[in-house]
Amino acid sequence: MTFGRRFSSIAGMDLDGTQPDMSGADLTDEAAYERVRAAQWRERFAGGLSRRAVFRIGAGAAGLGLGAALPAPSAALAQAAAVPAGASAGPIVKPLPPELFIVHGSNAEMRWEAMRGQGLLTPADRFFVRNHVSTPLIDARTWRLKLWGTGLHGSPTEDRPVEFTYEDLLGMRSETLTASVECTGNGRGFFTSQQGQQVSGTPWKLGAVGVARWRGVPLATVLERAGLTRRAVDVLPRGLDPDYTDGGENLGRVRRPLPVSKALKDVLLAYEMNGKPLPPDHGFPVRLVVPSWVGIASIKWLGDIQVADHPLFSPWNTRYYRLFGPDYPEEGSAPLTRMNVKSAFELAWDATLKGGRTHVLHGRSWSGNGRVRRVEVSLDGGATWRDARLHGPAPARAWVRWELPWRPPGPGRYELLARATDETGAVQPATVPYNTLGYLFGAVVRHPVTVT
Ligand SMILES: Nc1nc2c(c(=O)[nH]1)N[C@H]1C(S)=C(S)[C@@H](COP(=O)(O)O)O[C@H]1N2
Ligand SMILES: [Mo]
């Protein structure tokens, strides 16, 4: 069958029942993963995934040992015993003061002026919140992380999973990671305001991104302890927030598959954000942090993880978080994985600046491909560009801060532009191709200011 041939040539796996060629199937390479899953999705779309479409990848978890238990962070334990009972009043629990947030239904984006004067990290009080439904309040004392599925030794079932308590996780060797979480639709509003295109979804400006110092247990550690087999292919983490409904259709709890190769590479089961237990809105007691990938991968309020010896699908990697539209196949692009390059000024939208003096313009740039190497700023609508000065620590999975002095030539309206180039050479374009769901707006944003 033709699909099987193409699969084999793409990633060295075999759909016709013979031994897969291990050497080619490197799904730690995200591009390969995208191609493979896209092909599988087309196959399924065209009439169901073949029962023989089973392939294997090496677990490749060498060096991810179990580690020695360290004392549990007392702050986390304190919060574990002090979780308020009952339901939250609104979809988001924390205060959303208008000087820090723009609220869009169950979501809230950070105002970029709120990063002015901050260090590398986004404080939790201003970190954006993206809730499909609402923040659940979970008691860490009774919470369990459940792992099950055909990718674990003995194939534990959903009814009789392998379980870990909150204290079990606190007792394992922890790691810290400074990383951004960014919504795939960050910047979506600019499809309309800059490109005149109608897209569906929250019309974010650039505030659906934040950087935090996450602490937790590598997902690899927990998968190993749960009995990961070499046949495991995908994991499907699922949240404990209420079911998500779209247009009256119940899609169940928020969940999105990850290839085992990414799960073992750098994914964290995070229980701390910026040195404190995760706040309820950001996933207490435990969330996933999937560095560099689309925000939807970083499942909050983690309840269970299915580990399977076959590819997994959910609406969050089939009908959402792909690119749809005239430029893309009927079933959409491959599932989105890495985020793209973006930049933002630490300025209010439509800020007013005093004329007749020099201002230092501040901003940040980031990319899912790695470090940002260069940031150029244009103060004349894109006619000329100057290099901004990059400063401070810039972890590969976070952002870099930059600044540039500007003496406005006179009163009036201006558009400030910032354009970043990352370590792969990816540079922000002037426009981006349309997609119906408004994902990955990576074009240069024209930031209006008024000089008095
Ligand atoms: N369980 C669950 N996890 C979730 C979501 C959700 O609604 N439910 N939203 C996802 C999306 S789309 C994004 S962008 C990030 C946002 O994380 P934050 O709210 O901590 O900023 O969480 C992801 N994890
Ligand atoms: Mo998102």
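Anything mentioned here points back to the structure above.
This report concerns the structure included in the present document. All figures in this text were calculated on a predicted structure; none of them were measured in a lab.

Here is what the cut-offs are and how they apply
- Residues numbered from 1 in each chain as written.
- Chains lettered and ligands numbered in written order.
- Predicted model: local features only at pLDDT ≥ 70, side-chain atom pairs only at ≥ 80, totals over all residues.
- Heavy atoms only, no water.
- Helix = DSSP H or I, 4+ residues; strand = E, 2+ residues; numbered from the N terminus.
- Contact = heavy atoms within 4.5 Å.
- Areas by Shrake-Rupley, 256 points an atom, 1.4 Å probe, with all protein chains shown as cover.
- Phe/Tyr/Trp six-rings, centres within 6.5 Å; stacked < 30°, edge-to-face > 60°.
- Buried < 20%, exposed > 50% of the residue type's maximum accessible area, 1.4 Å probe, protein only.
- Pairing = 2+ DSSP bridges.
- Near = heavy atom within 4 Å.
- Polar contact = N/O pair within 3.5 Å; in protein donor to acceptor, adjacent residues only side chain to side chain.
- Nonpolar A, V, L, I, M, F, W, Y, C, P; charged D, E, K, R; others polar.

## Notes on the overall build of the chain
Here is step 1 of the chain: On a plain count of helices and strands, the chain comes out with eight helices and 24 strands.
Here is step 2 of the chain: Taking all contacts inside the chain whose residues are at least 6 apart in sequence as the whole, residues at least 24 apart take part in 73%.
Here is step 3 of the chain: Surface summary for the chain: the accessible area is close to 18000 Å², and the carbon and sulfur share equals 51%.

## Looking at the packing of aromatic side chains
Here is step 1 of the chain: Tallied over the entire structure, the rule returns 17 aromatic pairs.
Here is step 2 of the chain: Between W143 and Y166 the ring centres are 6.5 Å apart and the planes differ by 90°, which places this aromatic pair in the edge-to-face class. With W143 in the loop between strand 3 (129-130) and strand 4 (144-148) and Y166 in helix 4 (residues 166-170), this pair connects stretches of sequence that are 23 residues apart.
Here is step 3 of the chain: Taking relative accessible area as the criterion, W143 reaches 3% and is therefore assigned buried.
Here is step 4 of the chain: Between F191 and F441, the ring centres sit 5.1 Å apart and the planes meet at 80°, which makes this aromatic pair edge-to-face. Linking F191 in helix 5 (residues 189-195) with F441 in the loop between strand 23 (412-422) and strand 24 (446-451), this pair joins segments that are 250 residues apart in sequence.

## Concerning the pairing of strand 12 (residues 268-273)
Side-chain direction in a regular strand flips from residue to residue, so the side chains alternate between the two faces of the sheet.
Here is step 1 of the chain: Burial analysis of strand 12 places six of its six residues in the buried class, the great majority of the element.
Here is step 2 of the chain: Alignment of strand 12 against strand 14 (residues 287-289), held across three bridges, turns out to be antiparallel. Each bridged residue has a counterpart across the sheet, and for L269 the counterpart in strand 14 is L288.
Here is step 3 of the chain: Bridge analysis of strand 12 against strand 13 (residues 276-277) gives two bridges, and the strand direction is antiparallel. Note on strand 13: the bridge partner recorded for M273 is K276.
Here is step 4 of the chain: Linking strand 12 back to strand 13 in an antiparallel pair, the connection comprises two residues, with N274 at a positive phi of about 50°.

## Looking at the site of ligand 1
Here is step 1 of the chain: With respect to spatial proximity, 20 residues lie near ligand 1, and among them F128, D241, H282, R287 and K300 are the closest.
Here is step 2 of the chain: In this structure, a nitrogen atom belonging to ligand 1 sits 3.0 Å away from a main-chain N or O atom of S298.
Here is step 3 of the chain: Starting from 530 Å² of accessible surface for ligand 1 in isolation, the protein chains cover 100%.
Here is step 4 of the chain: Of the residues contributing to the shell around ligand 1, the split by class is 10 nonpolar, six polar and four charged.

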